[in-house]
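# Analysis of the macromolecular model
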Amino acid sequence: MIRLTGVHKSFGAFKALEDVNLTVAQGEKVVVCGPSGSGKSTMIRCINGLERHERGTITVAGQSVSDKGQEIEEIRRSVGMVFQSFNLFPHLTVLRNLTLAPMKLKRMARSDAEDLAMSLLRRVHLEEYAGRLPDELSGGQQQRVAIARALAMAPRVMLFDEPTSALDPEMVKEVLDVMIELAETGMTMVCVTHEMGFAKAVADRVVFMCGGRIVEQARPDDFFTAPCTDRARQFIQQVIH
Amino acid sequence: MSTRISTAGQPFQAAPQHAWFRRLMAWARGNLFPTPFDAALNLVIVALFAWLVASMLPWALLDATWSGGSRADCTGTGACWAFVLSRLDQFIYGFYPAAERWRVNLAGTVLILGLAALLIRAVPGKRVTGLLMLLVYPPFAFWLLKGGFLGLTGVQTDRWGGLMLTLVVGVSGIVLSFPIGVALALGRRSDLPVFHGLSVLFIELWRGLPMVTVLFMAIVMLPYFLPAGMKLDSLGLAIAGIVMFQSACLAEIVKGGLQAVPKGQYEAAKALGFGYWRTSVYIVLPQAIRIVIPGLVNNSIALLKDTTLVMVVGLFDLLNIVAAGSSDPRWLGSATEGYIFVGLVFWTLCFAMSRYSHRLEHSLRSRRQRLGGVS
Ligand SMILES: Nc1ncnc2c1ncn2[C@@H]1O[C@H](COP(=O)(O)OP(=O)(O)OP(=O)(O)O)[C@@H](O)[C@H]1O
Ligand SMILES: [Mg+2]
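Just so we're clear, the structure is a prediction, and the values are computed from it rather than from any experiment.

## Observations concerning the interface of chain A and chain B
Facing 28 residues of chain A, the contacting portion of chain B comprises 23 residues. Overall, the association of chain A and chain B removes approximately 2300 Å² of surface from exposure, summing both partners, and the carbon and sulfur fraction of that is 58%. At the boundary of chain A and chain B, one finds one salt bridge. Linking chain A with chain B are seven residue pairs in polar contact (both at pLDDT 80 or more). Of all elements in the fold, only α2 (69-77), β6 (79-82), α3 (94-105) and α5 (139-151) of chain A reach the threshold of two or more residues within the side of chain A that touches chain B.

Now the structure itself:
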């Protein structure tokens, strides 16, 4: 479904990604972790072209992520993304946040888009909030709306960039629960997170990044109990505390 | 504030128990006399204001003359409102033929109704009304006022004048410069070198010129660049000059709003698959414009007042026509009344705009605050 081969990316002289290779199969759930500044966000943002990679190739469902406007927009429509800071559209109600993209990008009729939006809101347990503005919701609720908004485009892949790290602890669970339910539907997911419980429950594979490289890839049980590298061991120690 | 009100509450407990009186006292205590110094300051200001009104009142109302055919009829010591009243038609319609004034009235009425439908919250159908007012109303009003085709007799623009001309210039200036200003603001922030360069050039060129200069250039210089014999309409030129100037100012204001929209909004839109234009139209501009509403209204107020500069190109807007009227031999010496009248008209228009923008800001903010309480 997603394939990165030999991807490099630098910001000026700073190398954010170096020779990154990653393959994600259809329906697979991959958790990406690693210390701050290791390039997790950069990698995930390269997948839907929010950052341009310099060398190597990235394909999503066989389509190559290029910098041509039309093609990249096509790819983005089938790749959902959830941000750390929710980024809901504050001037639109929750319902309009969900219906905007299907109506404007897929020319879906308003009534169909609203039916779809309501069924997605039900899925994230927020149907009674359809008429609210995003600012009227708690962080956890906003993030669940953001997940529903991404799902409204019926994506084939979902990317998550630390979806719970801007949340108060008591709200983390409601978002993770929604993500777990999503995983159970067979969605292909790439998820940057430090939530080990989530990784253990859902992930088929944990990818550990450090210094712009993928240092280790393993099944969650193996990774958390017996990491191969010292860096990963240190990292796991820190996350547990 | 609230602590002051509550601590000052004791001594007034014995006051009469009427609810309105208590509320008035509470308000006065909170707002007028929170401390002895504030109380003294407020008393001084109230006294000054009372003195001002008392000294104006006899002249402005009590001793004023309200009817008459010339300055000679104004025998009292007060203002000569007869001047303004006897020429009111001219001040409103300029030299527009009396038989055709219904056209101006109709255009004005439709404008007022349209604005009311847009500005009053409870009226539904904002989008349709807005589009009608932006796309259908201007050509309709142009046809109605200018005529010359489709069954209306032509009224050349040199017969337009007074309040009607002021509003034509003001409304066209505001309506036409808005889309241009938004496009320029987008251009200024665009990555496309040509679009960006042209926008910057346009903005910097027009913004750096005083409005009077722009109008002079339009009327004096432009004809040199046109084929000989081609005569330009001074009203059209004046509006064109104002629109250029105004769009450059608007572009700077809207740019501020664009900068205030967080980067995450662009990214969220991009990630959903929105391209540049749809991101701008559906996500960025609605937020940016909401942020700069106070600036936009300020700018519109300034524009309305600047319409008085069209006198330099020989147009008789409200100010110019009143000035001209007061130099009529029969009414010599009535300039004061004339200018007060013009001042009142402009003040009313500008004050209405300013109140509306305050209300809008307030309602946006209170919605925000209500939200803040929930989360
Ligand atoms: N737009 C940018 N310009 C310059 N440097 C950048 C930019 N974006 C990221 N970087 C740098 O690239 C490196 C990797 O950033 P990235 O955001 O991918 O890290 P991360 O693993 O997501 O870290 P975190 O856990 O803090 O989110 C960092 O050192 C960062 O400073
Ligand atoms: Mg990151």
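## Some remarks on the site of ligand 1
All names here are of chain A. In the vicinity of ligand 1, the contacting residues are F11, F14, A16, P35, S36, G37, S38, G39, K40, S41, T42 and E162. Contact distances for ligand 1 include 2.6 Å between an oxygen atom and a side-chain N or O atom of S36. Between ligand 1 and the protein, one listed contact pairs an oxygen atom with a backbone N or O atom of G37 at 2.8 Å. Breaking the shell around ligand 1 down by element, the ones donating at least two residues are β2 (14-24) and α1 (40-47). At three residues, α1 tops the list of elements feeding residues into the shell around ligand 1. Its residues assigned to classes, the shell around ligand 1 shows four nonpolar, six polar and two charged.

## Examining the domain arrangement of chain B
Residues and elements named next belong to chain B. Taken domain by domain, chain B consists of domain 1 (82-96 + 155-369) and domain 2 (99-154). The centre of domain 1, based on its C-alpha atoms, is set 18 Å off from the matching centre of domain 2. Domain 1 puts 15 residues into the contact, and the matching count from domain 2 is 14 residues. Contact between domain 1 and domain 2 buries roughly 1300 Å² in total, counting both sides, with carbon and sulfur atoms accounting for 63%. When the buried surface of domain 1 facing domain 2 is broken down by residue, Y93, Y96 and V155 rank first, second and third, together holding 44% of it. Applying the counting rule to domain 1 against domain 2 returns one salt bridge. One salt bridge in this structure joins D89 and R101, with 3.7 Å as the shortest N-O distance. Inspection of the region where domain 1 meets domain 2 yields five residue pairs in polar contact (both at pLDDT 80 or more). Elements with a contribution of two residues or more to the side of domain 1 that touches domain 2: α5 (88-93), α8 (162-188) and α16 (335-374). If you tally residues by element for the side of domain 1 that touches domain 2, the top one is α8, at four residues. For the side of domain 1 that touches domain 2, a count of residues per class yields nine nonpolar, four polar and two charged.

Definitions and cut-offs
- Residues numbered from 1 in each chain as written.
- Chains lettered and ligands numbered in written order.
- Predicted model: local features only at pLDDT ≥ 70, side-chain atom pairs only at ≥ 80, totals over all residues.
- Heavy atoms only, no water.
- Contact = heavy atoms within 4.5 Å.
- Buried area = accessible area lost by both parts, 1.4 Å probe.
- Salt bridge = Lys/Arg side-chain N within 4 Å of Asp/Glu carboxyl O.
- Polar contact = N/O pair within 3.5 Å; in protein donor to acceptor, adjacent residues only side chain to side chain.
- Helix = DSSP H or I, 4+ residues; strand = E, 2+ residues; numbered from the N terminus.
- Near = heavy atom within 4 Å.
- Nonpolar A, V, L, I, M, F, W, Y, C, P; charged D, E, K, R; others polar.
- Domains from an automatic or database assignment.

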